[in-house]
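Observations on the model geometry
As a plain string of letters, each chain reads:
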Amino acid sequence: MYNLFDYLAWRGDLPVAADGFNDIDAVILSRLSYLPFDGIVSDCFQNYTTVSQAADRMFSEGEPSFLWEGDDRLMKELAQSERFCGMKLSGYVNRVDDERQMQFAALLITIDESTRFVSFRGTDNTIVGWQEDFNLFFTFPLASQFEAKRYWEEAADRFGGSFYLGGHSKGGNLAVYAASFCAEALQDKITAVYSMDGPGFELEHMKDSGFERIKDRIHTYVPQSSIFGMLLEHEESYTVIQSSQRGFLQHDVYSWEVERTSLVKLDEVNGTSVFFDRTLTRFIANMPPEERKAFTEEIFGILRSTEEMTFDEMADNWLRDTGKIFRTLKGLDASSRSMLASKLLQLVKAAGKNVSALKPAPKDKKKAKKEP
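Predicted, not measured: the structure shown is a model, and the values here were computed from it.

1. Remarks on the confidence of the model for the chain
Chain-level pLDDT for the chain is 86 on average; 91% of the residues reach the 70-or-more range. Low pLDDT, under 50, characterises residues 360-372; the stretch is placed with 12 contacts to residues that sit more than four places away or in other chains.

2. Observations regarding the nonpolar core
One finds Leu32 and Phe37 to be the most contacted residues of the largest nonpolar core, which totals 45 residues. Elements with a minimum of two residues in this core: helix 1 (4-11), helix 2 (23-32), helix 3 (51-59), helix 4 (71-79), strand 2 (88-97), strand 3 (102-112) and strand 6 (190-196). Among the elements that make up this core, the one with the highest residue count is helix 2 (six residues). Beyond its immediate stretch of four places on either side in the chain, Leu32 contacts Phe37, Met75, Leu78, Leu89, Leu107 and Ile109. Of all hydrophobic cores here, the second largest spans 32 residues; its members include Phe45, Ala179, Cys182 and Val193.

3. Here we look at the side chain of Asn22
Following the sequence through the fold, Asn22 ends up in the loop between helix 1 and helix 2. On the basis of relative accessible area, Asn22 is assigned to the buried category, the value being 9%. Within polar-contact distance, the side chain of Asn22 engages the side chain of Tyr7 at 3.0 Å. Here Asp25 takes part through its backbone nitrogen, which lies 3.0 Å from a polar atom of the side chain of Asn22. Residues in contact with Asn22, not counting those within four places in the same chain, are Tyr7, Arg83 and Thr261.

4. Describing helix 4
For helix 4, the set of buried residues is Asp71, Leu74, Met75, Leu78 and Ala79. The buried residues of helix 4 occupy one face: seen down the axis, they fall within an arc of 125 degrees. Where helix 4 is buried, its residues meet helix 1, helix 2 and helix 3.

5. Regarding the packing of helix 2 against helix 4
In the contact formed by helix 2 and helix 4, the axes pass within 11 Å of each other and the chain directions differ by 115 degrees. As helix 2 runs across helix 4, the sense of the crossing is left-handed. Contacts between helix 2 and helix 4 involve Ile28, Arg31 and Leu32 from the former and Asp71, Leu74, Met75 and Leu78 from the latter. Class assignment for the residues of the contact of helix 2 with helix 4 results in five nonpolar, no polar and two charged.

6. Things to note about the pairing of strand 5 (residues 162-168)
Burial analysis of strand 5 places six of its seven residues in the buried class, which makes it a mostly covered element. In the sheet, strand 4 (residues 115-120) pairs with strand 5 via six bridges, with the strands oriented parallel. Following the sheet pairing, Val118 is matched in strand 5 by Leu165. In the sheet, strand 5 pairs with strand 6 via six bridges, with the strands oriented parallel. Pairing of Phe163 across the sheet is with Ile190, part of strand 6.

7. A closer look at the pattern of salt bridges
Counted by the stated rule, this structure contains 15 salt bridges. Measuring nitrogen to oxygen at the nearest pair gives 2.7 Å for the salt bridge that ties Arg150 to Glu147. Residue Arg150 and its partner Glu147 are located together in helix 6 (residues 143-158), separated by three residues, close to a single helical turn. Looking at Glu147, the relative accessible area reads 3%, which means it is buried. A salt bridge links Glu184 to Arg213; the shortest N-O distance between them is 3.8 Å. Here Arg213 lies in helix 9 (residues 211-214) and Glu184 lies in helix 8 (residues 184-187), a separation of 29 residues in the sequence. Through salt bridges that share partners, Arg95, Arg100, Glu147 and Arg150 make up one connected network.

8. Points about empty space enclosed by the protein
The tally for this structure, following the rule as stated, stands at four cavities of 30 Å³ or more. Every residue lining the largest cavity is listed: Leu136, Thr139, Phe140, Gln145, Asn173, Gly200, Phe201, Glu202, His205 and Leu232. Looking at the lining of the largest cavity, its residues break down into four nonpolar, five polar and one charged. Looking at the second largest cavity, its volume works out to about 40 Å³. In terms of lining residues, the second largest cavity is bounded by Val176, Gly200, Phe201, Leu203, Met206, Phe211, Glu233, His234, Glu235 and Glu236.

Reading the values: rules and limits
- Sequence order sets the numbering: in each chain, residues are counted from 1 along the sequence as written.
- Given that the model is predicted, a residue must reach a pLDDT of at least 70 before its local features are reported, and side-chain atom pairs must reach 80 or more before they are shown or counted; all residues, however, enter totals for whole chains, interfaces and linings.
- Remark: hydrogens and water are excluded; side-chain values derive from all non-hydrogen atoms of the structure.
- Looking at any residue, its pLDDT shows the predictor's confidence there, from 0 to 100.
- The contact criterion used is simple: two residues touch if any of their non-hydrogen atoms lie within 4.5 Å.
- By convention a nonpolar core is built from buried Ala, Val, Leu, Ile, Met, Phe, Trp, Tyr and Cys residues, the set being connected through side-chain atoms within 4.5 Å.
- Between buried and exposed lies partly exposed: a residue is buried under 20% and exposed over 50% of the maximum accessible area for its type, with that area taken using a 1.4 Å probe on protein chains only.
- A run of H or I in DSSP counts as a helix once it spans at least four residues, and a run of E counts as a strand once it spans at least two, with each numbered from the N terminus.
- Any N or O atom pair separated by 3.5 Å or less is treated as a polar contact, with the protein-specific requirement of one donor-capable and one acceptor-capable atom, and with residues adjacent in sequence counted only for side-chain atom pairs.
- In this description, one arc is meant: the one made by directions from the helix axis to the C-beta atoms.
- The axes are straight lines fitted to the C-alpha atoms, using for helices just the contacting stretch, and the angles between their N-to-C directions are given from 0 to 180°.
- With the far helix as reference, a near helix turned anticlockwise by less than a right angle produces a left-handed crossing, and one turned clockwise produces a right-handed crossing.
- Residue polarity follows a fixed list, in which Ala, Val, Leu, Ile, Met, Phe, Trp, Tyr, Cys and Pro are nonpolar, Asp, Glu, Lys and Arg are charged, and the others, Gly among them, are polar.
- Strands were regarded as paired on the criterion that DSSP finds at least two bridges between them.
- What counts as a salt bridge is simple: a side-chain nitrogen of Lys or Arg found within 4 Å of a carboxyl oxygen of Asp or Glu.
- Here a cavity means grid points, on a 1 Å grid over the protein atoms only, where a 1.4 Å probe fits yet cannot get out; a pocket means an open set of points with protein on both sides within 12 Å along at least five of seven lines; lining residues are those with an atom within 4 Å of a point.
- Grid points are joined across faces, edges and corners, and a volume is the space filled by probe spheres set on the points.

Set out below in structure tokens:
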């Protein structure tokens, strides 16, 4: 089982000019926007820092704080890789806005002077970032979707040449949104859009966009037990890929398996993915938008009562914060407690009706590919 780091060992000495851009490169550059470039990479599009320079600055004063295990290794190995070390980083933004319920981060990566990659970060460990994910079910566009479109338009206006847009998790959704709702002249600059296990959209929201014009250039990848990537609808085709992890942990790109210059592809998602997809679809379908909003606001209101900004902080202070959560629950009025209990019961019932999806399929069952 080989992963992204094996790919860097195999192909890291070959520049993109010598061995063309591929889907593994897109995974790596989509992940790059998650790294802590605050104070290291400029927010100006034309003020560049190479990958190797960024790594030197990042590790010069000890070990920085990374979101995922593997991010530190990725940065170090990219800095030593002929393929990636000279790529230029600029236009780094990282904004968390509680008032707008928005978490947004993006990075412009110049591969060469005629080719650039716009990388959108997915959800980080902030509570407001996770709330924004839940807002997908009743708000359109999200504040981060609006910011993604504006970021892409500014980048495209400043530079000629061709662009890739991409992101992991929510970042993939942002990339598809930006490419779908921009002007046709900007769509013509896009070579491909990459959504790495990113959620889809309610299809009615895409009717008045330029999605049909760009959809053949959208490449969506989901692991075999995908949960996040199967949320909402994907009108574009998607490719199922192999992960060495299980369940939720398959969202981790460092678990995605590779062979030579491509991700390992499978025929279909498995029962775990189908179970969560059907359960959440049924649960959401039974709630009108105003109830989805009320449910989300109550859940995250309880979490915000801890006065923590991130889930890491909650984990560090779990005993104190658990007490705050229970006190908040106790202080809810009767109607709020009843609503939460009712919705959680609906979720349990929806799960019960789809538990058959977790049973192994018959061995002679034919599998249908999702992408031609």
